[in-house]
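Fold and contact review
Spelled out from the first residue to the last, the chains are:
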Amino acid sequence: MANKEQTDTDRMEKIVSLCKSKGFIFQSGELYGGLNGCWDYGPLGTELKRNVKEFWWRKNVLEREDIVGMDGSILTHHAVLTASGHVGGFSDPMVDCKVCKKRYRADQLEDIPSCEKKAQLPKGEDKSCELTEPKEFNLMFQTKMGASADDNDPNAIAYLRPETAQTIFVQYKNVLDSTRLKLPFGIAQIGKAFRNEINPRNYTFRSREFEQMEIEYFCRPEDGLRLTDEWLEMRLDFYTQIGVPREKLHVLDIPDGERAHYSQKTYDIEYDFPFGQQELEGVAYRGAYDIGKHQEHSGKNLEYFDAETKERFIPHVVEPSAGCDRTILAVLCEAYDVEDLTKEGGKKDERTVMRFKPCVAPIKAAILPLLKNKPELVEKAKEVKNLLQPHMNIFYDETAAIGRRYRRQDEVGTPFCIAIDFETLGEKGPNGEDFTDTVTVRHRDSMEQERVAISELLPWLLARIV
Ligand code: GAP
């Protein structure tokens, strides 16, 4: 997509509809009209999300010696977010319509919107909203801890964290002391964050409750800029590995004056969503800002001691910060395909295919006995199911014609369908071949089929779903 503004509403609507009908994503509280900006992942969405998170964790924590994980609390001490600047400054400018009471983000308004209450006014009358002056609106969800007697007791105030990063910064010293890691090293975290967005929109893209996958990578000051560039490349590779191609990703080098004041370098990674080119992840060089602020506010020494050089200093931080839900949305948008299978002169035929990379596909393999009324086929199929089930998410299906069952699996992105047929049981193949104890594996994308011995099936699949 060449143009940043180019959109494909029709495609987006089809993706949203498939996500609901197949059980990827549902509106939260739908039964009661929906909770704006909140989403529930259904059975397939949950598997997809687990796979994306596990892949990220494997690449960024398990396969590296220099990064460890943590899982911080969501309820956050008010002092943490005061020190970080969120209590005073984490806000968007907002304007209200004095007539219809609708609220808008002042920085996203291009024109004065039409007022819902003025819609009935006669032709020629001004039907636009009457907007207030912009006011700063803090995006954090505040709550009260415990049964404080005093409603205004500042110590009873806690916040749902607006980013996972701050829980990492305030535990960096404990992690360092308990692991004896040396610079450069990172702390990774996947977890929920909450922002009271003024206008949640574009499906799950801008939500009020969402998940982040963040790494705070601590380093010596002289390495910060180089590592920021290295992280950018690693993060771009990650997206291609999970099925978001490089040509649909755009790197924005945020210019001076638009970056946070403490950042010497910030890259945004944007993706061509059907609703336009939008941010997936930020890779920011945050310098010594965060640890410095927590040292200042807590009065505790948070310096790093380099045993070799005997230096003490506040480490600098490079932060690749990805949105998990936005990554899932990009993976869904990228996977969705409608393929025309109409043969020349034939009647129209098309199939919907979710072309997930096998590593993130919610179901890895479907086990399909050719006929459900042949006990030998069903028994063999259940043997295959029992063989694979402890190792991967599989789906057993014996209803409907085999062709229909293939199409159902295409729609949910299952990369391999395994059919148990009469040749599996010993019937000779078309050219007299002996296919006893082999199965037909059908590939989702090419629809090609091949025979694989049941004894080889598990390693065959494991090698293809990583
Ligand atoms: N610690 C840095 C930080 O939180 P951010 O740019 O505000 O930076 C990082 O957020 C990522 O989190 C974004 O690139 C995006 O993927 C995701 N994100 C932020 N706000 C979001 C929202 N309201 N809904 C869904 N994802 C969001």
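So, how was this worked out
Here the residue numbering is sequential within each chain, running from 1 through the sequence in written order. Two thresholds apply to this predicted model, a pLDDT of at least 70 for residue-level local features and 80 or more for giving and counting side-chain atom pairs, whereas whole-chain, interface and lining totals are computed over all residues. Side-chain measures were taken over the full set of non-hydrogen atoms in the model, leaving aside hydrogen atoms and water. UniProt positions are given in the numbering used here, feature names are shortened, and annotations may be inferred rather than shown by experiment. Between any two strands, pairing holds if DSSP finds at least two bridges. Only DSSP runs of H or I with at least four residues qualify as helices, and only runs of E with at least two residues qualify as strands; both kinds are numbered from the N terminus onward. Helix axes use the C-alpha atoms of the stretch in contact, all axes being lines fitted to C-alpha atoms, and the angles between their N-to-C directions lie in the range 0 to 180 degrees. In this description, contact between two residues means that some pair of their heavy atoms is separated by no more than 4.5 Å. When a carboxyl oxygen of Asp or Glu is within 4 Å of a side-chain nitrogen of Lys or Arg, the pair counts as a salt bridge. Burial classes follow relative accessibility: with a 1.4 Å probe on protein chains only, a residue under 20% of its type's maximum area counts as buried, one over 50% as exposed, and anything between as partly exposed. Whether a residue is near a molecule or strand depends on its heavy atoms: if one lies within 4 Å, it is near. Contacts described as polar in this section are N or O atom pairs within 3.5 Å, which, within protein, must combine one atom able to donate a hydrogen with one able to accept it, while residues neighboring in sequence count only if both atoms come from side chains. Only the protein chains shown count as cover for residues, with accessible areas throughout obtained via the Shrake-Rupley method and a probe of 1.4 Å. In this classification, the charged set is Asp, Glu, Lys and Arg, the nonpolar set is Ala, Val, Leu, Ile, Met, Phe, Trp, Tyr, Cys and Pro, and all remaining amino acids, among them Gly, are polar. Buriedness of a pocket was judged along seven lines, with at least five required to meet protein on both sides within 12 Å; pockets are open sets of points on a 1 Å grid over the protein atoms alone, cavities are sets where a 1.4 Å probe fits but cannot get out, and lining residues have an atom within 4 Å of a point. Grid points are joined across faces, edges and corners, and a volume is the space filled by probe spheres set on the points.

- The protein chain is annotated in an unreviewed UniProt entry as glycine--tRNA ligase from Oceaniferula spumae.
- Entered under Sequence similarities (unreviewed entry) in the UniProt record, the comment concerning the protein chain runs "Belongs to the class-II aminoacyl-tRNA synthetase family."

1. Considerations on the sheet that holds strand β21 (residues 394-396)
- On the basis of which strands lie adjacent, the open sheet formed by 5 strands has the order β21-β20-β22-β23-β24 and mixed pairing. Among the strands making up the open sheet, the edge pair consists of β21 and β24 (449-453). Across the sheet, the axes of successive neighbouring strands diverge by a mean angle of 25 degrees, strand direction being ignored.
- Where strand β22 (residues 416-420) and strand β23 (residues 438-443) come together, 4 bridges link them in antiparallel fashion. Bridge pairing in β23 links A419 to T440.
- Strands in contact with helix α11 (residues 402-412) are β20 (365-369), β21, β22, β23 and β24; relative to β20, the strand with the most contacts, it is inclined by about 170 degrees.
- Strands in contact with helix α12 (residues 454-464) are β20, β22, β23 and β24; relative to β24, the strand with the most contacts, it is inclined by about 120 degrees.

2. Here's the deal with the pattern of salt bridges
- This structure, assessed with the given rule, holds 44 salt bridges.
- As a salt-bridge pair, E130 and K118 come within 2.9 Å of each other at their nearest N and O atoms. Within this pair, whereas E130 is found in the loop between β6 (103-105) and β7 (135-138), its partner K118 is found in the loop between β6 and β7, the two being separated by 12 residues in sequence.
- Assessed through its relative accessible area of 38%, E130 is described here as partly exposed.
- In this structure, K265 engages D253 in a salt bridge whose closest nitrogen and oxygen atoms are separated by 3.0 Å.

3. Here we look at the site of the ligand
- With respect to spatial proximity, 19 residues lie near the ligand, and among them E163, R195, E214, E279 and L280 are the closest.
- Here a nitrogen atom of the ligand sits 2.9 Å away from a polar atom, N or O, in the side chain of E319.
- G323 is positioned with one of its backbone polar atoms (N or O) 3.0 Å from an oxygen atom of the ligand.
- Calculation on the ligand without its partners gives an accessible area of 560 Å², and the protein chains cover 88% of this total.
- At 5 residues, strand β14 (residues 276-287) tops the list of elements feeding residues into the shell around the ligand.
- Its residues assigned to classes, the shell around the ligand comprises 4 nonpolar, 5 polar and 10 charged.

4. Structural notes on the layout of surface pockets
- Taken as a whole, the second largest pocket encloses approximately 360 Å³ of empty space.
- Surrounding the second largest pocket, 16 residues form its lining, L181, Y304, F305, D306 and A307 being those nearest its centre.
- Mapped by element, the contributors of at least two residues to the lining of the second largest pocket are α6 (172-179) and β15 (304-306).
- Across the lining of the second largest pocket, the residue classes break down as 6 nonpolar, 1 polar and 9 charged.

5. Remarks on the pairing of strand β11 (residues 209-219)
- Burial within β11 is extensive, with 10 of its 11 residues counted as buried.
- In the sheet, strand β10 (residues 185-194) pairs with β11 via 10 bridges, with the strands oriented antiparallel. Counted as the bridge partner of I187 is E216 from β11.
- The pairing of β11 with strand β17 (residues 316-323) spans 6 bridges and is antiparallel. Paired with C219 across the two strands is H316, which belongs to β17.

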